[in-house]
Structures are given as structure tokens and as C-alpha cells.
Amino acid sequence: MIILYLFSFSNFCIRDNCVIETHENYVIASVNHQKVLIYTDEIYFENEEVIVEGESKPIEADSNFNLFNFQNYMSQKNIDRYYENAQIIKKNSIRRKMYEKIMMMDEAISSILLRIFYQFGEYDMIYSAGLHFSYLNQAFSQLFLGFCNMSFALGLSSLFVGLFGFLFPFKFALFRIISGNITKIIFKDRSYKDRLGLQYLLCMCFDPSCVFSLSFLIPYCLGLIYVFTNSKNRKKASYVFLIFLQFLKTSKCQPFSIFFFPFFQKLGAGMLVIALVQLFISFPLVQYAVMLVNPISQLFSSFVLHGSIPMWLIIFFLYLFFQMIHQQKSFMHSLVLLYIPLQSYFNPFYQVTMINVGQGDSILIQAPFHLNNILIDIPLNKEERVVEYLHSIGVYHIDTLIFTHQDSDHNGGKEAFLEQFKVYDVIEDHQDIESNLLSLISLNHSNHGDDNDDSLVYFSSIGKLDYCFMGDASKSVEKEIVMEYALECDVLKVGHHGSKTSTDPLFIQMFQPSYALISAGRNNRYGHPHEEVLDVLTKYNVKPFVTSLNGAITIKSFLNVHFIRTSSGEFDIMITE
């Protein structure tokens, strides 16, 4: 059994400078005894040789509140660097032969098989957590028990499950399942609780980063629920935990898929078996199976709740959850989870957020208690990021959508956004905006014959803070505004992403902002923000926040107290009179 276990865990890399994990757009490799990331357009498999050139670079990713951050995800795996130049030597292994066999099939069939065997494409909690493997393991064990004892049945089941590690990229779920079988065989006289603890201790010793993965969290926590909860409350506790975990990991939840979780687990296992059969027949069996399954999956996934979990709610819920399990209190306490999709309706703050969209602009202005949502600009190809952020904070409609001008880094995502998000009013011309609890005064009315200088420029008092949003207006427009208006502001959205064509010293001197918000892409080709601009801001004691450095920036205002926070961790407080 020990030999079987070691062979099954074929992801174990016995030599350096080789691939140790396969993914769709990258691989994780061992280079000089360090785990590193290598981006690639091709698929490579475990133990294929890696030859790197040059120095590794730190992994960087755009940071936003509540959204998936690839840099943090890699950091959880203890990976913080990548190589741009690397050569990977393909190996004539059974895994590569299986992959090549799949790629030679019809495109519709191969795309399905790649999703089932390799988890390429759309995210699925069942496949990501390896729960279809768990069900298969149970089914095999029960089948073999019909003609042999428990130890031998578990050994045969481990053999069948371990075969997946030889044919396809080895997943942590296989290690978890086989180690669980081994603990059952060796420690068959110990309690389920003891075996569960030993199984997951082995998992953590072998790969400490596994504690962040669904393959660890879901089975282990469901096991704890089974141990510490009576049979009457076990199912309720499992549902509550899975709903909480979905919100925590993805900022959204599909409740019906949770309530029918056992069904989808069996369905995933069945699809895995059908996919294996498909490898040896020409009839498009898996394609017909998907055609039958998709309507069911779409029906159960059609109702989606969105929202992120704030830290205070994580702590509070965990306390209530353990109280419910230990003292068998009413599961009505779990209704606290309703706060997550409804959180914007409980929000007492005026809030202004500069979403990190790279080299572009997108700013959300919110009145308290979801009474008004104003969005300024959506860049090309960033509409999905904007939608995901809006959903994560419980915003499901925009009252007023403003496009400051026609450049693609401000207006390019217009059509795609309007197709998938509810918007009541779209503003693209120079006009004042009077809306519930929020008003914006247009400062730029002249026709300059230039897209940037024709930007919509707005001044607004939001929660006892004065803001000025400059679009891409240049210094000439700033001088016109200074001559026409006697205004000061607390927060300035700097013009043109911090370009030296904007942010005139006289303009800063007259408006006297305390904070400056600059939206710019990391390592952008324009060099934004320019040093001249940062020098001007420093000269007049203006504290800049730049999305390329600080990530997304949000300012929450309640009465005279204002909280400034960035997605990279900076925090500041301002008190006004």
C-alpha cells in the first residue's frame, strides 16, 4: 500500500528543474529547489525538464477589493516569482499521449474532456475540490466490498483512483483520497475522528499551502461537521458552511447548487466515467451527456447571489457557527449570511471608489443605503472587472453612468457593460447632474476640438468631502476652470492618469486638495504618472494614491469622519470640520 501510495502521488518531483503542476496558461516548476511560475501557451506535464534563462521577476497583478488576485493566489502556494524566458522539454509520457489523443478528437468533444480531466475553462466547485473523485472512491470501495474485505477493497479503490494521476495531471484531491484510504487500512481500529485528523495532518505536512484550497477546505470541514454535529443538524450545518465558503472564495453563491450538492457530486463522478469511456470509442457519448446535463446545471445555477464577506462578518459567523455546532442552537442564526448579498442596503457611508482597471478610469460614487449609484467611465475590455466589483459589494444597478469622453480607456467598455448590467441613465454631454442625495456640477463647457480637453469635468460634495473629477482634461482646461470658479476640493481625481499634460501647479495651488487619486496601469508605456506631476503634488502637500502602486482606492465618509483604504493595505483617516 505504501508503494501504491507513492506511485499514485506521481506529482512528487524527485529531481530539480522540472514541471510539478500543469495549468491551462502556465506551469509551476521546481527551479533551483524553488517553486516558480512559467507562463506558456502550450501544455506541459509533471517531470518534464525546465531550462530557464535570465533572472526571475516578481509576480504582479492588479489589486482590487474582493476580486480574485493572482498574485495572492500564488503567494498562498509560496510562489512569488516567474521566468519570462524558459524552455520546457516535452517528455514522451503516458500523460502527454493521453493529451495528444484528446486533442486529435473533435473540438467539441476535446473541450469537454479538457474541462473534466484538466479543469481547463469554466470554474466548478465540484471539480475544483475533487469531490467527484471522492464519490468515485466511495463507489469503488462499496463495489469491491462485495467480494473482498475492507482493506483489500480500499486498496483496489486506491489503485483505480491513483490511475488518474498517471493518465492526467495529478491533483491534490488524489493525494487526499489515497492518504485517507491508507489511514483507514493502517488505523482501522481507531475512531473516524482520529483517522480524519491523521489524514489531514499528512496533507498539511506534505503541502502546507493546501489549507487554502477547496480540495482541503470542503472535505475536511464537512468531516468536522460530521464528527461534532448530531445527525439531526448535520445536513443544515453542511449547507450553511458551503454557502459561507462559496461567498468567501468567489464573492458569489448558487444556493440551489448547494442544496442539491450530493446530486451534483454524483453527476460529476458520472461525467468522469463517461469521459473515460469516450477515450476508447468514436461515438460522441460525452457530448450527448453534456447536452442532457447542461439544462439541469443551468437551471440550478440560474439563481446567483453576489457579495463579499467583510472581515467582521467572517469572525462573527465563525463564532456563531461553532456555537451552533457545539450547543445545537437554532440555525436561524445563519440568516446573518443574508447580509452578504444585501450589504449595500445596510451601508451608512457615502463612498467613492476608484476601481483598479489598469490604464483607464472607472470610479463608483455611492450614496448611503443603496439610494444612488453613479459610475464614471468603463475602459475597453475591463467591463467584466467592473461588473464583478459591483456585484461583490451588492450593487445590481447603476442610476447614472457617465462617460467623460470617447477615448477607449474611458468609453471602450460601454456597449458590453450595458448589455449585462442594468443602467437607468447614461450621460455623455456637459450637464449638471441632480440625483438622490448626490449632485455633480459640470465645470467644463467650452468646445476645445480635442477629445481630452472636451472631457466632462465634475465637482461634487459627497459626504462632507469636496471632490473634483478631471477626466483627461489638460492644463489649459484647468486654467479656464481656475479663472471661472473659486473652488477648493479635498480629493482630486488627477487628469489624464497623471500625465504631465495635466495638473498645473496653479490649479493645485488654487484647489488645495489633500488627496489625489491617479488611475494608471502598471508599467504602462506612457510612463504615467509622470514624475513632474508627483513633484507638483508633493510640493503642495497633496498625498497621491496611484492604482498601479496602491490598487483600488475607496473613501468612506460618515458625518465628519472619512476612511481611506486601498486594496494593497494602506489606510488613512481624515476628519473635517
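The rules behind the values
Residues numbered from 1 in each chain as written. Predicted model: local features only at pLDDT ≥ 70, side-chain atom pairs only at ≥ 80, totals over all residues. Heavy atoms only, no water. Helix = DSSP H or I, 4+ residues; strand = E, 2+ residues; numbered from the N terminus. Rg over C-alpha atoms; globule rule 2.2 N^0.38 Å. Contact = heavy atoms within 4.5 Å. Lys, Arg positive; Asp, Glu negative; His and termini not counted. Charge placed at Lys NZ, Arg CZ, Asp CG, Glu CD. Salt bridge = Lys/Arg side-chain N within 4 Å of Asp/Glu carboxyl O. Buried < 20%, exposed > 50% of the residue type's maximum accessible area, 1.4 Å probe, protein only. 1 Å grid on protein atoms, 1.4 Å probe; cavity = no way out; pocket = protein on both sides within 12 Å on 5 of 7 lines; lining within 4 Å. Points joined across faces, edges and corners; volume = space filled by probe spheres on them. Nonpolar A, V, L, I, M, F, W, Y, C, P; charged D, E, K, R; others polar. Phe/Tyr/Trp six-rings, centres within 6.5 Å; stacked < 30°, edge-to-face > 60°. Pairing = 2+ DSSP bridges. Axes fitted to C-alpha atoms, helices over the stretch in contact; angles between N-to-C directions. Patch = residues over 30% accessible without salt bridge, like charges linked within 9 Å, V, L, I, M, F, W, Y side chains within 5 Å. Areas by Shrake-Rupley, 256 points an atom, 1.4 Å probe, with all protein chains shown as cover. Polar contact = N/O pair within 3.5 Å; in protein donor to acceptor, adjacent residues only side chain to side chain.

A few points about the overall build of the protein
Along the protein, the regular secondary structure elements total 23 helices and 24 strands. In terms of overall dimensions, the protein is globule-like: its C-alpha atoms have a radius of gyration of 28 Å, near the 25 Å expected for 577 residues. For the protein, the spread of C-alpha atoms along the principal axes amounts to about 90 × 60 × 45 Å. In the protein, of all internal contacts separated by at least 6 residues, the share reaching a separation of at least 24 is 65%. Between the averaged position of the 42 positive side-chain charges in the protein and that of its 55 negative side-chain charges there is a distance of 17 Å.

Here's the deal with the pattern of salt bridges
Within this structure, the stated rule accounts for 12 salt bridges. Where Lys 77 meets Glu 21, a salt bridge forms, and the shortest distance between an N and an O atom there is 3.6 Å. Taken together, the positions of Lys 77 in the loop between helix H2 (70-76) and strand E6 (81-83) and Glu 21 in strand E1 (residues 18-22) put the pair 56 residues apart, joining distant regions of the chain. Here Glu 21 falls in the buried class, since its relative accessible area comes to 18%. Each of Glu 60, Asp 62, Arg 385 and Arg 522 takes part in salt bridges that share partners, so that together they form one network.

Description of the layout of surface pockets
Counted as a void, the second largest pocket has a volume near 1200 Å³. Elements that contribute at least two residues to the lining of the second largest pocket include exactly helix H6 (131-144), helix H7 (150-167), helix H8 (172-186), helix H9 (192-206), helix H10 (214-228), helix H11 (231-250) and helix H13 (261-278). Within the lining of the second largest pocket, the residues separate by chemical class into 16 nonpolar, 12 polar and seven charged.

Focus on unusual backbone geometry
For the bond from His 528 to Pro 529, the omega torsion is -5°, close enough to zero to count as cis. As for its position among the elements, Pro 529 is in the loop between strand E20 (515-518) and helix H22 (531-539). You will see that Gln 119, though not glycine, has its phi angle at about 60°, which is positive. Along the chain, the position of Gln 119 falls in the loop between helix H4 (107-118) and helix H5 (125-129). Taking relative accessible area as the criterion, Gln 119 reaches 25% and is therefore assigned partly exposed. In this structure, Leu 559 takes a positive phi of about 55° despite not being glycine. Within the fold, Leu 559 resides in the loop between strand E22 (553-558) and strand E23 (561-566).

Overview of the packing of aromatic side chains
Within this structure, the stated rule accounts for 36 aromatic pairs. Residues Tyr 39 and Tyr 82 carry aromatic rings whose centres are separated by 5.6 Å and whose planes lie at 70° to one another, so their mutual orientation is edge-to-face. One end of the pair, Tyr 39, is in strand E3 (residues 34-39); the other, Tyr 82, is in strand E6, and 43 residues separate them in sequence. Of the residues examined, Tyr 82 reaches a relative accessible area of 16% and is grouped as buried.

So, the sheet that holds E20
Here seven strands make up an open sheet; going across it, the order is E15-E16-E17-E18-E19-E20-E21 and the pairing mixed. Strands at the two margins of the open sheet, each flanked by one partner only, are strand E15 (433-435) and strand E21 (543-546). For this sheet, the mean angle separating the axes of adjacent strands, direction not counted, is 20°. In the sheet, strand E19 (residues 491-493) pairs with E20 via three bridges, with the strands oriented parallel. Looking at the pairing, Lys 493 lines up with Leu 517 of E20.

Some points on a nonpolar patch on the surface
Residues Val 273, Val 277, Phe 280, Ile 281, Phe 283, Tyr 288 and Met 291 make up a contiguous nonpolar surface patch of about 710 Å² in total accessible area. Secondary structure elements with two or more residues in the nonpolar patch: H13 and helix H14 (285-301).

Details of the side chain of Asn 444
Along the chain, Asn 444 turns up in the loop between strand E16 (438-442) and strand E17 (458-462). When its relative accessible area of 2% is taken as the criterion, Asn 444 is described as buried. Side-chain polar atoms of Asn 444 contact the backbone oxygen of Asp 453, separated by 2.8 Å. Ignoring any residue separated from it by four or fewer positions in sequence, one finds Asn 444 in contact with His 430, Asp 453, Asp 454, Ser 455, Val 457 and Val 477.

Geometric values such as these leave the question of function open.
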